[in-house]
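Okay, here's what each chain looks like letter by letter:
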Amino acid sequence: MKYLIIARNPSIFVQYERVIRRLCDAGNQVVMLLNSTVWRNAAMDEQRLKQYREESEGRFDFMPAVRTKGLFAILLRHKRELVNYMA
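Residues numbered from 1 in each chain as written. Predicted model: local features only at pLDDT ≥ 70, side-chain atom pairs only at ≥ 80, totals over all residues. Heavy atoms only, no water.

Colleague: Teacher, can you tell me more about the environment of Asp61 here?
Modeller: Relative to the helices and strands, Asp61 resides in strand β3 (residues 60-64). Those residues within four positions of Asp61 in sequence are excluded, and the remaining contacts are Val30, Val31, Met32 and Arg53. Of the polar contacts made by the side chain of Asp61, one reaches the side chain of Arg53; its length is 2.9 Å. (Helix = DSSP H or I, 4+ residues; strand = E, 2+ residues; numbered from the N terminus. Contact = heavy atoms within 4.5 Å. Polar contact = N/O pair within 3.5 Å; in protein donor to acceptor, adjacent residues only side chain to side chain.)

Colleague: Which parts of the structure should I look at to understand the pattern of salt bridges?
Modeller: When their charged atoms lie close together, side chains carrying opposite charge are able to pair. Evaluated as defined, the whole model comprises five salt bridges. With its nearest N and O atoms 2.9 Å apart, the salt bridge here joins Arg53 to Asp61. On the accessibility criterion, Arg53 (30% relative accessible area) is partly exposed. Owing to a relative accessible area of 26%, Asp61 belongs among the partly exposed residues under this scheme. Arg59 is the salt-bridge partner of Glu57, the closest N and O atoms lying 4.0 Å from each other. Arg59 gets classed as partly exposed once you look at its relative accessible area, which sits at 26%. A single salt-bridge network, built from bridges that share partners, covers Glu17, Arg21, Arg48 and Glu55. (Salt bridge = Lys/Arg side-chain N within 4 Å of Asp/Glu carboxyl O. Buried < 20%, exposed > 50% of the residue type's maximum accessible area, 1.4 Å probe, protein only.)

Colleague: So what exactly am I meant to see when it comes to the packing of aromatic side chains here?
Modeller: Centre distance and the angle of the planes are the two values used to describe a pair of aromatic rings. Under the counting rule described, the total for this entry stands at three aromatic pairs. When the centroid spacing of 5.5 Å and the interplanar angle of 45° are considered together, the rings of Phe13 and Phe60 count as tilted. Of this pair, Phe13 sits in helix α1 (residues 11-25) while Phe60 sits in strand β3, and the two are 47 residues apart along the sequence. For Phe60, a relative accessible area of 1% translates into the label buried. Through a chain of ring-to-ring contacts, three or more aromatic side chains come together here, namely Phe13, Tyr52 and Phe60. (Phe/Tyr/Trp six-rings, centres within 6.5 Å; stacked < 30°, edge-to-face > 60°.)

Colleague: Looking at this model, I keep getting lost on the sheet that holds strand β2 (residues 29-34). Mind explaining?
Modeller: Backbone-to-backbone hydrogen bonds join strands into a sheet, with any given pair of strands oriented parallel or antiparallel. Read across the open sheet, the three strands follow the order β1-β2-β3; overall the sheet is parallel. Since the sheet does not close on itself, it has two edges, and those belong to β1 (2-7) and β3, each with one partner. On average, each strand axis in the sheet is inclined to that of its neighbour by 20°, with strand direction left out of account. This element, α1, spans β1, β2 and β3 of the sheet and lies at about 160° to β2. Sheet strands in contact with helix α2 (residues 46-55) are β2 and β3, and its direction is about 145° off that of β3. (Pairing = 2+ DSSP bridges. Axes fitted to C-alpha atoms, helices over the stretch in contact; angles between N-to-C directions.)

Dropping the structure here:
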């Protein structure tokens, strides 16, 4: 099975590392999309993700998320904010 994790930065990997490892150990493929690959804490940077990608033998990968630009991105952001306030 394939799993997709979308995160703001690499620190999410540290929080969910045990879950990701168990998924990969069970033979699943996990892909992590990141809005930013840089984080202010050196222990939570891209290096840790690269190291685990090598350890997992191709069952884990990460890459930058595609970011929308222009008017559509502005409208989408405002729509999400409205939905957040409604909930």
